[in-house]
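Reading the structure
Listed below are the residues making up each chain.
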Amino acid sequence: MSDRIPLFSRPVPVISFIVLAIVLDQVVKFAVEAWLPFQQPVHVVPMLALYRTYNYGVAFSMLSGMEDWFIVGLRLVVVAFVSWLWWQTPKARGVAHAGYALIIAGAIGNLVDRFLYGYVIDYVLFYTSTWSFAVFNLADSFITIGAGLILLDELLLMRRRKAPADR
């Protein structure tokens, strides 16, 4: 087994990635605010529209009735906890570290919105004629993909533990 440390297990590349991801998220949200009409779908392809709206809560507008300080505090706790998980996870688990980095970037991207506007800018809508998914944004996608990578890493770890030692 190689002693090489995966890219996302090293602090400088991860911090650089997180900063770039936050900047990208904010640039896209700035463009959405500047050019996308409010709560009017712009159909891109069947089942996908751009639809600018504001989320005053957390994921799927949960906790939207809560005070701003509570939502900001909750997001800060999540960022701190996931950062702690990143530091505690063995360096060889680069997939998990990439997942943690994506979650941190997404959480901070949405936290920036909360600080700047008091809400999170959402703009991607999947739908059918009888159903629609919650409107989301790039930061939410980072969080979702990050969670998926962590689950994948756990599955790979379980598989490695079950594999015979003498392959």
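Presented here is a report on the structure given in the accompanying data block. Here the structure is a predicted model, which means the values were calculated and not measured. (Residues numbered from 1 in each chain as written. Predicted model: local features only at pLDDT ≥ 70, side-chain atom pairs only at ≥ 80, totals over all residues. Heavy atoms only, no water.)

Before going further, it helps to examine the nonpolar core. In terms of nonpolar packing, the biggest core is built from 17 residues, with Val14, Ile18, Val82, Tyr100, Ile104, Ala105 and Phe142 touching the most fellow members. If you list the elements that add at least two residues to this core, you get α1 (11-35), α2 (68-88), α3 (94-117) and α4 (138-162). Ranked by the residues each element gives to this core, the list is headed by α3, at eight residues. Counting eight residues, the second largest nonpolar core, distinct from the first, contains Val32, Tyr119, Tyr123 and Val124. (Core = buried A, V, L, I, M, F, W, Y, C linked by side-chain atoms within 4.5 Å. Buried < 20%, exposed > 50% of the residue type's maximum accessible area, 1.4 Å probe, protein only. Helix = DSSP H or I, 4+ residues; strand = E, 2+ residues; numbered from the N terminus.)

Further remarks concern the sheet that holds strand β3 (residues 120-126). The strand order across the open sheet formed by three strands is β1-β2-β3, and the pairing between neighbours is antiparallel. Bordering the open sheet on either side are β1 (42-45) and β3, each of which pairs with just one other strand. The average undirected angle you get between the axes of adjacent strands in this sheet is 35°. Where β1 lies against strand β2 (residues 48-55), three bridges are found, and the strand directions are antiparallel. Across the sheet, residue Val45 finds its bridge partner in β2, namely Leu48. (Pairing = 2+ DSSP bridges. Axes fitted to C-alpha atoms, helices over the stretch in contact; angles between N-to-C directions.)

A few words on unusual backbone geometry. One non-glycine residue, Gln39, lies in the positive phi region at around 50°. Mapping Gln39 onto the fold places it in the loop between α1 and β1. Gln39 gets classed as partly exposed once you look at its relative accessible area, which sits at 40%. Even without a glycine there, the phi angle at Met47 is positive, about 80°. Relative to the assigned elements, Met47 resides in the loop between β1 and β2.

Here we take up α4. For α4, spanning 25 residues, the distance from its first C-alpha to its last is 36 Å, which sits close to the expected 36 Å at 1.5 Å a residue. All buried positions along α4 are accounted for by Ala139, Phe142, Gly146, Ile150, Asp153 and Leu157. For α4, the elements touching its buried residues are α1 and α3. Its side-chain oxygen placed 2.9 Å from the backbone nitrogen of Ala139, Asn137 serves as the N-cap of α4. (Expected span 1.5 Å × (residues − 1). Contact = heavy atoms within 4.5 Å. Polar contact = N/O pair within 3.5 Å; in protein donor to acceptor, adjacent residues only side chain to side chain.)

The tally for this structure, following the rule as stated, stands at 10 aromatic pairs. Aromatic pair Phe126 and Phe136: ring centres 5.8 Å apart, planes at 25°, arrangement stacked. One end of the pair, Phe126, is in strand β3; the other, Phe136, is in the loop between β3 and α4, and 10 residues separate them in sequence. What links up through ring pairs into an aromatic cluster is the set Phe38, Tyr54, Tyr56, Tyr117 and Tyr119. (Phe/Tyr/Trp six-rings, centres within 6.5 Å; stacked < 30°, edge-to-face > 60°.)

Where α3 meets α4, the closest approach of the two axes is 7 Å, and the angle between their N-to-C directions is 160°. If you check the angle between α3 and α4, you find them roughly antiparallel. When you trace α3 past α4, the crossing you get is left-handed. Residues Val95, Ala96, Ala98, Gly99, Tyr100, Leu102, Ile103, Ala105, Gly106, Ala107 and Asn110 of α3 touch α4, and the partners they reach there are Ala139, Asp140, Phe142, Ile143, Ile145, Gly146, Ala147, Leu149, Ile150, Leu152 and Asp153. The residue inventory of the contact of α3 with α4, partitioned by class, reads 16 nonpolar, four polar and two charged. (Parallel < 35°, antiparallel > 145°, perpendicular 65-115°, else oblique. Left-handed = near helix turned anticlockwise from the far one by under 90°. Nonpolar A, V, L, I, M, F, W, Y, C, P; charged D, E, K, R; others polar.)

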